[in-house]
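# A look at the structure
Residue strings, one per chain:
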Amino acid sequence: MTFAWYGHLKFPGAALWVVVLASWGIAFFEYWLAVPANRIGYGTFSGAELKTIQEVISLSVFVLFAVFYLGEKFTWNHGIGFAMIALGAFFIFKGPLK
């Protein structure tokens, strides 16, 4: 989804309708993988855990995408923010606090 949603940013001159259709085409194939994966994983993982896995993977991929494809710099603010997200993910998987 990262490339589907943000890949067009490198092509600001492309018509909006073209990048929307291209993005939908890319996203379509990811949904073909994500929906069955969630169906298979549900039961082993809770809904909250499945969403957390998806978000952590998505953010990890996005960091690499932003740095290497978009040429953006990774700052301390980003690192701290992602560390807080990782802490949230820890608590999702830890289970109820006792």
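Residues numbered from 1 in each chain as written. Predicted model: local features only at pLDDT ≥ 70, side-chain atom pairs only at ≥ 80, totals over all residues. Heavy atoms only, no water.

Mean pLDDT over the protein chain stands at 91; residues scoring 70 or higher make up 100%. Within the protein chain, the element-level pLDDT minimum falls on helix 1 (residues 2-6), averaging 83, and the maximum on helix 4 (residues 76-94), averaging 94. (pLDDT = per-residue confidence, 0-100. Helix = DSSP H or I, 4+ residues; strand = E, 2+ residues; numbered from the N terminus.)

This part covers the packing of aromatic side chains. Taken as a whole and judged by the stated rule, the model has eleven aromatic pairs. On the numbers, 5.2 Å between centres and 75° between planes, the contact of Phe90 with Phe91 is edge-to-face. Looking at Phe90, the relative accessible area reads 45%, which means it is partly exposed. Given a relative accessible area of 41%, Phe91 falls into the partly exposed group. Taken together, the aromatic side chains of Phe3, Trp5, Tyr6, Phe62, Phe65 and Tyr69 make up a single cluster linked through ring pairs. (Phe/Tyr/Trp six-rings, centres within 6.5 Å; stacked < 30°, edge-to-face > 60°. Buried < 20%, exposed > 50% of the residue type's maximum accessible area, 1.4 Å probe, protein only.)

Before going further, it helps to spend a moment on the packing of helix 3 (residues 47-68) against helix 4. Between helix 3 and helix 4, whose axes approach to 10 Å, the crossing angle comes to 160°. Considering the angle they form, helix 3 stands roughly antiparallel to helix 4. Where helix 3 crosses over helix 4, the handedness of that crossing is left-handed. Residues Ala48, Glu49, Thr52, Ile53, Val56, Leu59 and Val63 of helix 3 pack against Phe82, Ile85, Ala89, Ile92 and Phe93 of helix 4. (Axes fitted to C-alpha atoms, helices over the stretch in contact; angles between N-to-C directions. Parallel < 35°, antiparallel > 145°, perpendicular 65-115°, else oblique. Left-handed = near helix turned anticlockwise from the far one by under 90°. Contact = heavy atoms within 4.5 Å.)

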